[in-house]
Amino acid sequence: MTWIWSNLDLIWDRTLDHVVLSVPPIILSFLLAVPLGWLAYRFRVGRGIILSGVGLLYAVPSLPLFIVLPFIVGTTVRSPLNLIIALTLYGVALMVRVVADGLASVDRNVRQSAMAVGFSEWTQFWRVEFPLAGPVLLAGLRVVAVSTVSLATVGAVIGAQSLGSLFTDGFQRGIQAEIIAGIIATVVLALALDGALVLLGRLLMPWTRSAPSAAARAPMRSDKEAVA
């Protein structure tokens, strides 16, 4: 505990480094996964190809990917951009199937109603399908956030400063408190981002808050009507 109290500034700095490495991939993976997921949902012929292709990305071990990417994109192995690109690819691999399944979960009758009132395919997507698939997309994005925070620690092995640096430095110097501090800070950061996404979801999708309460009131009304 003495080490932790004496190095709070270091822990805070590594936490900020970790946020910088984690947040952009979470956002980018969502933005890239939405059109890919829509294509997988809209065109059944290409669904298997798209989902299998992005699924293979997640099967690639992180360390080899960190080392191979610089030769493809022209960055250095220790560049934060290298790690951000790799984490984005992993996030896309997780989110594309979620987007496709989320859009497919929208009730067919709702789509037909949208078409009946004259919605174009583009308008139908943004005003009907995408909002109704929101809870599913949010659930997938929460998984991506936690996964990204966890994977970002591996970047310390190639020299990218993050909370993972507390792991590697603690092992090398035999400081157990430093390792524990890194683990706790990583878990707290993952929970904080997850909580932020839940709050954002409630703000952007207020209908998800009212639905459970309406469902809960329905049996009560039925009971009263039965008594009457």
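Note that the structure is a prediction, hence the values are computed from the model and not measured.

1. Re the packing of helix α2 (residues 8–42) against helix α7 (residues 121–132)
- Where α2 contacts α7, the two axes come as close as 14 Å, and the packing angle between them is 110°. On the basis of the axis angle, α2 is roughly perpendicular to α7. Between α2 and α7 lies a crossing of right-handed hand. The residues of α7 that touch α2, namely those facing Phe30, Val34, Trp38, Tyr41 and Arg42, are Glu121, Phe125, Glu129 and Phe130.
- The residue makeup of the contact of α2 with α7, split by class, is six nonpolar, no polar and three charged.

2. What to know about the pattern of salt bridges
- Applying the stated criterion across every chain, the model contains four salt bridges.
- In this structure, the salt-bridge partner of Arg14 is Asp17, at a minimum N-O distance of 2.8 Å. Within this pair, Arg14 and its partner Asp17 are both found in helix α2, separated by three residues, close to a single helical turn.
- Taking the relative accessible area as the measure of exposure, Asp17 reaches 24% and is therefore partly exposed.
- Across the pair Arg47 and Asp101 runs a salt bridge, and its minimum N-O distance is 3.0 Å.

Conventions and cut-offs
Residues numbered from 1 in each chain as written. Predicted model: local features only at pLDDT ≥ 70, side-chain atom pairs only at ≥ 80, totals over all residues. Heavy atoms only, no water. Axes fitted to C-alpha atoms, helices over the stretch in contact; angles between N-to-C directions. Helix = DSSP H or I, 4+ residues; strand = E, 2+ residues; numbered from the N terminus. Parallel < 35°, antiparallel > 145°, perpendicular 65-115°, else oblique. Left-handed = near helix turned anticlockwise from the far one by under 90°. Contact = heavy atoms within 4.5 Å. Nonpolar A, V, L, I, M, F, W, Y, C, P; charged D, E, K, R; others polar. Salt bridge = Lys/Arg side-chain N within 4 Å of Asp/Glu carboxyl O. Buried < 20%, exposed > 50% of the residue type's maximum accessible area, 1.4 Å probe, protein only.

Coordinates in, geometry out; function isn't part of it.
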